[in-house]
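Here is what each chain is made of, one letter per residue.
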Amino acid sequence: MKKTTLFIAILFLLASCSQPPQTLGPIPSQQQLEWQQMETYAFIHFGLNTFNDMEWGYGDTPPETFNPTNLDCEQWVLTLKACGMKGVILTAKHHDGFCLWPTETTDYSIKNSPYKDGKGDVVGELCQACRKHGLKFGLYLSPWDRHQASYGSDEYVALYHRQIQELVDHYGPFFEFWFDGANGGNGWYGGANETRSIKAEQYYHYEEARDRIWDQYPNTMIFGGTVPTLRWIGNEEGRANSTCWSTYTLDFDDLNNTRLLATGIADGDTWLPAEVDVSIRPGWFYHENEQPKSLEQLLDIYYHSVGRNANLLLNFPVDPNGRISAADSTRAVEWYQTLQKTFADDLLKDCRIATSDTRSNHQEIIYPFEKPTTLSLLTLQEDLTQGQRVERFSINYYRNGKWLPIVTDEEMTTIGYKRIIRFKPAEMERLRIRIIRSKGPAAVIASGA
Ligand code: FUL
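Keep in mind the model is a prediction, meaning the values are calculated, not measured. (Residues numbered from 1 in each chain as written. Predicted model: local features only at pLDDT ≥ 70, side-chain atom pairs only at ≥ 80, totals over all residues. Heavy atoms only, no water.)

Q: How should unusual backbone geometry be read in this particular structure?
A: Residues other than glycine predominantly adopt negative phi, and peptide bonds predominantly adopt the trans conformation. With an omega dihedral of -5 degrees, the bond running from Gly172 to Pro173 counts as a cis peptide bond. You will see that Asn193, though not glycine, has its phi angle at about 45 degrees, which is positive. Along the chain, the position of Asn193 falls in the loop between β5 (185–187) and β6 (194–196). You can call Asn193 partly exposed: its relative accessible area is 45%. With phi around 50 degrees, Asn400 is a residue other than glycine that occupies positive phi space. Along the chain, the position of Asn400 falls in the loop between β14 (390–399) and β15 (402–405). (Helix = DSSP H or I, 4+ residues; strand = E, 2+ residues; numbered from the N terminus. Buried < 20%, exposed > 50% of the residue type's maximum accessible area, 1.4 Å probe, protein only.)

Q: I'm lost on the packing of aromatic side chains in this one. Help?
A: Centre distance and the angle of the planes are the two values used to describe a pair of aromatic rings. If you walk through the whole model with that rule in mind, you get 32 aromatic pairs. Seen in terms of ring centroids, Tyr151 and Tyr189 are 5.5 Å apart; in terms of plane orientation they differ by 10 degrees. Their pairing is stacked. Placement of the pair is Tyr151 in the loop between β3 (136–141) and α6 (154–171) and Tyr189 in the loop between β5 and β6, with a sequence separation of 38 residues. This pair shows no difference in class: Tyr151 is buried, exactly as Tyr189 is. Ring geometry for Tyr204 versus Tyr206: centroids 5.3 Å apart, planes at 45 degrees, classification tilted. In this structure, Tyr204 and Tyr206 share a single accessibility class: buried. Grouped by ring-pair contacts, the aromatic residues Phe137, Tyr151, Tyr156, Tyr160, Phe174, Phe177, Phe179, Tyr189, Tyr203, Tyr204, Tyr206 and Tyr217 constitute a single cluster. (Phe/Tyr/Trp six-rings, centres within 6.5 Å; stacked < 30°, edge-to-face > 60°.)

Q: Where do I start with the site of the ligand in this structure?
A: All residues in the neighbourhood of the ligand are listed as Phe43, His45, Trp56, His94, His95, Tyr140, Trp178, Asp180, Ala182, Glu236, Asp277 and Trp284. Residue Tyr140 places a side-chain N or O atom 2.9 Å away from an oxygen atom belonging to the ligand. Contact distances for the ligand include 2.8 Å between an oxygen atom and a side-chain N or O atom of Asp180. Surface burial for the ligand is 90%, taken as the share of its 300 Å² of free accessible area covered by protein chains. Judged by its atoms lying within 2 Å of the grid points, the ligand is housed in the largest pocket. (Near = heavy atom within 4 Å. Polar contact = N/O pair within 3.5 Å; in protein donor to acceptor, adjacent residues only side chain to side chain. Areas by Shrake-Rupley, 256 points an atom, 1.4 Å probe, with all protein chains shown as cover. 1 Å grid on protein atoms, 1.4 Å probe; cavity = no way out; pocket = protein on both sides within 12 Å on 5 of 7 lines; lining within 4 Å. Sits in = over half its atoms within 2 Å of the grid points.)

Q: Sorry if this is basic, but what is going on with the side chain of Asn396 here?
A: Examined against the element boundaries, Asn396 turns out to sit in strand β14. What makes Asn396 buried here is its relative accessible area of 11%. A polar atom in the side chain of Asn396 sits 3.3 Å from the backbone oxygen of Leu404. In contact with Asn396, other than residues within four places in its own chain, are Trp403, Leu404, Pro405, Arg430, Leu431 and Arg432. (Contact = heavy atoms within 4.5 Å.)

Q: What is the right way to look at the layout of surface pockets in this model?
A: To find leftover empty space, a probe the size of one water molecule is rolled over the atoms. What the largest pocket holds in volume is close to 600 Å³. For the lining of the largest pocket, the secondary structure elements donating two or more residues are β1 (40–45), β8 (231–232) and α9 (258–263). Class assignment of the residues belonging to the lining of the largest pocket gives a composition of 18 nonpolar, nine polar and five charged. What lines the second largest pocket is a set of 22 residues, among which Glu39, Tyr302, Gln340, Phe343 and Lys418 lie closest to the centre. Those elements that place two or more of their residues in the lining of the second largest pocket are α2 (30–38), α11 (326–342), β13 (363–382) and β17 (444–448). With four residues, the single largest contributor to the lining of the second largest pocket is α11. (Points joined across faces, edges and corners; volume = space filled by probe spheres on them. Nonpolar A, V, L, I, M, F, W, Y, C, P; charged D, E, K, R; others polar.)

Listed below in structure tokens is the structure:
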């Protein structure tokens, strides 16, 4: 029997005797499961800000300044594929209101830029490149628009919905659609130069916005607004909490509670898995004086996102030439190859599971090694079709006649889709994983490195 299957079988057996496993609480939809399996995908922040050294354009920057001379969406896609990204989400419109596709809804678009003499369409070009090279495609369309005179009125909401409709009609399918959370404040607003505040929860009619997308592409995951199918992790530093539930409550206040967003809600009534968004550089947009994060920082980000039951949305700021810079692509490929090497060999794969100890009343599994083996990483995964169950576990190793705890800073609480525990390298004769507390019988698989 294959090791992994055996582990599942044993854990169910220990805890549930003859009862088949029951679902406890929310479980993911098929679309949420498939999304979770993507693990890593990219953000691209590109627009007027790129050419004006800004993060949040005010809405009055001239479209003529958008002038990439060497733009190549295939270069983006091939770079992202080389660092293991399964999809890409582009800022079709950021808060400044400038549209990267030739929209009918406003003149504040690529049509009035020198790029391809106004005939360019970055959304379309990236969409094509993704299709050609097999990368999933997604879009970010900022609800907040600092350019539009009508922002704050119903007229603007209708315009925003028309923009969604155009994008759906021309560029789908999308694996994910972002309704960004930054909403209202000061802006140009057609020359008004004022501060406008709205109540996001009601103002944007998010249900209708979502339905426009789902009418044609029902498998699109939704970020933000009042109707999300995934949740923001609550920070932009690349870090989920070590306790990270995929369950939550769909209450608008909770959706803005950064402490809860990082941990999830153990008894939440909705499956709402976490996404960690972070930029490879300090800014979301390109700034010449910024450098990519170090390899160590990127590895920490991976272990603190994918390794803590969250997906990783890693941003690449495209430069004013229209390229992902060599510094960023070199670093990201190095990062991906390091991870590939680290996880190439599963050191548990040849273990014959010989012992399972029920005396403690815990679900547990012991891996005896044929010869002393050094491990420093353990990957655990729950079968999410049964929901997320494990609340506490422990990892021990056997050496010279004694069981010892592994040495790690990680709290050993939740597992979820994937949990990677890094620990001080330890040579061991056996490894023991014990499920100490769980909402029900847990189905967990493990691999080691
Ligand atoms: C935030 C925005 O304000 C930032 O500019 C960036 O787009 C980030 C991903 O989301 O809410």
